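So you can see what is in the structure, the chains are spelled out below.
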Amino acid sequence: MNKRVEILPDLQGLVARAQDAILSSLANAIQKRGQFTIALSGGSTPKPLYEAIGSLNLDWDKIHVFWGDERYVPSNHPDSNELMARIAWLNKVPIPQTNIHAVPTLSGNPVADANKYEQHLQEFFHCSPGTFPSLDVVLLGMGDDAHTASLFPHTEALQVRDRLVTVGNKDGNPRITFTYPLINAARSVIFLATGANKRPALSQVFAEVADDFTYPSRLIKPQGELLWLLDAAAGSQL
């Protein structure tokens, strides 16, 4: 694993650095494989990044967008990660709708929808059950409890090692989430973390010894590149 931690002065600097990293991966992926695959994260931190990417002139027909996790709400719900990304980015660019691989959330059965998304990933990447495809970039955030995607401390989702997608749990509310083995199969994982409230969690995530199931972001150890991008407030005590 190629791990780097970079501390940027502010959110603007973090967004610029994240954009550079994504565009570098995009160019490399299109040159080598003819397409670029990225899994998006939710939350407020990546929104300006999505807005910045949405202003660029890229090979949109070669870009495929997935989500690393999604709240179990309709796609037009204010809490939807898909809706945020569409408003900030995807609705502003000529990306084919077939290149937007949204998480299904409408069946009323989160387990069935998680299985459906897993099957879609297997079909898209032509991978058999039990194998994990490699997305070019997985974008992640981290909560002040050290959760990432919808992998929350001491939840059943952290035990799932043989699936691509599972059901996460946040205060009794289901979410659809990539499993950590799928995230770890990525060619590049980029964490975005901002704010002084993240310092206690980061100190444990980066500690030599700590409990992975209390601090789930510790489980993210991709086969490819791991890039932590922190603003000064989050990273000042590292």
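Residues numbered from 1 in each chain as written. Predicted model: local features only at pLDDT ≥ 70, side-chain atom pairs only at ≥ 80, totals over all residues. Heavy atoms only, no water.

Colleague: Got a minute to help me understand the pairing of strand β6 (residues 165–170) in this structure?
Modeller: Taken residue by residue, a regular strand's side chains alternate between the two faces of the sheet. Pairing of β6 with strand β7 (residues 173–178), which is carried by six bridges, proceeds in the antiparallel orientation. By the bridge assignment, T166 is partnered in β7 with T177. Linking β6 to β7, which pair antiparallel, is a turn of two residues; within it D171 sits at a positive phi near 55 degrees. (Pairing = 2+ DSSP bridges. Helix = DSSP H or I, 4+ residues; strand = E, 2+ residues; numbered from the N terminus.)

Colleague: So what exactly am I meant to see when it comes to the pattern of salt bridges here?
Modeller: Two side chains bearing opposite charge may form a pair once their charged atoms approach each other closely. Overall, the coordinates contain nine salt bridges when judged by the stated rule. E225 serves as the salt-bridge partner of R4, at 3.0 Å between the closest nitrogen and oxygen. You can see R4 sitting in strand β1 (residues 2–8) and its partner E225 sitting in strand β9 (residues 225–231), a full 221 residues away along the chain. The partly exposed category is assigned to R4, whose relative accessible area is 28%. Linking K170 and D171 is a salt bridge whose minimum nitrogen-to-oxygen distance equals 3.8 Å. What you see here is one network of salt bridges that share partners, running through R4, E6, R17 and E225. (Salt bridge = Lys/Arg side-chain N within 4 Å of Asp/Glu carboxyl O. Buried < 20%, exposed > 50% of the residue type's maximum accessible area, 1.4 Å probe, protein only.)

Colleague: Just to check I follow, could you spell out the sheet that holds strand β4 (residues 69–71) for this structure?
Modeller: Read from one edge of the open sheet, three strands run β4-β7-β6, paired in antiparallel fashion. Each having just a single partner strand, β4 and β6 make up the two edges of the open sheet. The average angle at which neighbouring strand axes cross in this sheet is 30 degrees, direction not considered. (Axes fitted to C-alpha atoms, helices over the stretch in contact; angles between N-to-C directions.)

Colleague: Can you walk me through helix α4 (residues 110–125) in this structure?
Modeller: Every α-helical turn comprises 3.6 residues, leaving residues that sit three or four positions apart pointing alike. Along its 16 residues, α4 runs 22 Å from first to last C-alpha, staying within 8% of the 22 Å computed at 1.5 Å per residue. Burial in α4 covers these residues: P110, D113, A114, Y117, E118, L121, Q122, F124 and F125. Turning to α4, the residues buried within the fold contact β2 (36–40), β3 (63–67), β6, β7 and α5 (180–184). Two or three places before V111, at the start of α4, stands the capping residue N109, its side-chain oxygen 3.1 Å from that residue's backbone nitrogen. After α4 finishes, the residue H126 shows a positive phi value of roughly 55 degrees. (Expected span 1.5 Å × (residues − 1). Contact = heavy atoms within 4.5 Å. Polar contact = N/O pair within 3.5 Å; in protein donor to acceptor, adjacent residues only side chain to side chain.)

Colleague: Can you walk me through the environment of L8 in this structure?
Modeller: Mapped onto the elements of the fold, L8 is located in strand β1. Placed 223 residues apart in sequence, L8 and D231 show a C-alpha to C-alpha distance of 4.8 Å. In this structure, L8 is in contact with G13, L14, R17, L229, L230, D231 and A232, ignoring residues within four places of it in sequence.

Colleague: Would you take a moment to explain the UniProt feature "domain: Glucosamine/galactosamine-6-phosphate isomerase" (unreviewed entry) in the chain for this structure?
Modeller: What UniProt calls "domain: Glucosamine/galactosamine-6-phosphate isomerase" (unreviewed entry) maps, in this numbering, to residues 10–228. Counted over residues 10–228, helix gives 30% and strand 18%. Its end C-alpha atoms are 14 Å apart. (UniProt positions renumbered as here; feature names shortened; annotations may be inferred.)

Colleague: For this particular structure, what's the right way to read the sheet that holds strand β8 (residues 188–193)?
Modeller: Across a sheet, paired strands are connected by hydrogen bonds in the backbone, their directions being either parallel or antiparallel. Spatially, the six strands line up as an open sheet ordered β1-β9-β8-β5-β2-β3, and their pairing is parallel. Strand pairing shows two members of the sheet lacking a second neighbour, β1 and β3, which therefore form its edges. Across the sheet, the axes of successive neighbouring strands diverge by a mean angle of 20 degrees, strand direction being ignored. Summarising the sheet, strand β5 (residues 137–141) and β8 pair through four bridges and their orientation is parallel. Along β8, the bridge assignment pairs L139 with I190. Packing against the sheet, α4 makes contact with β2 and β3, and its axis sits at approximately 155 degrees to β3.

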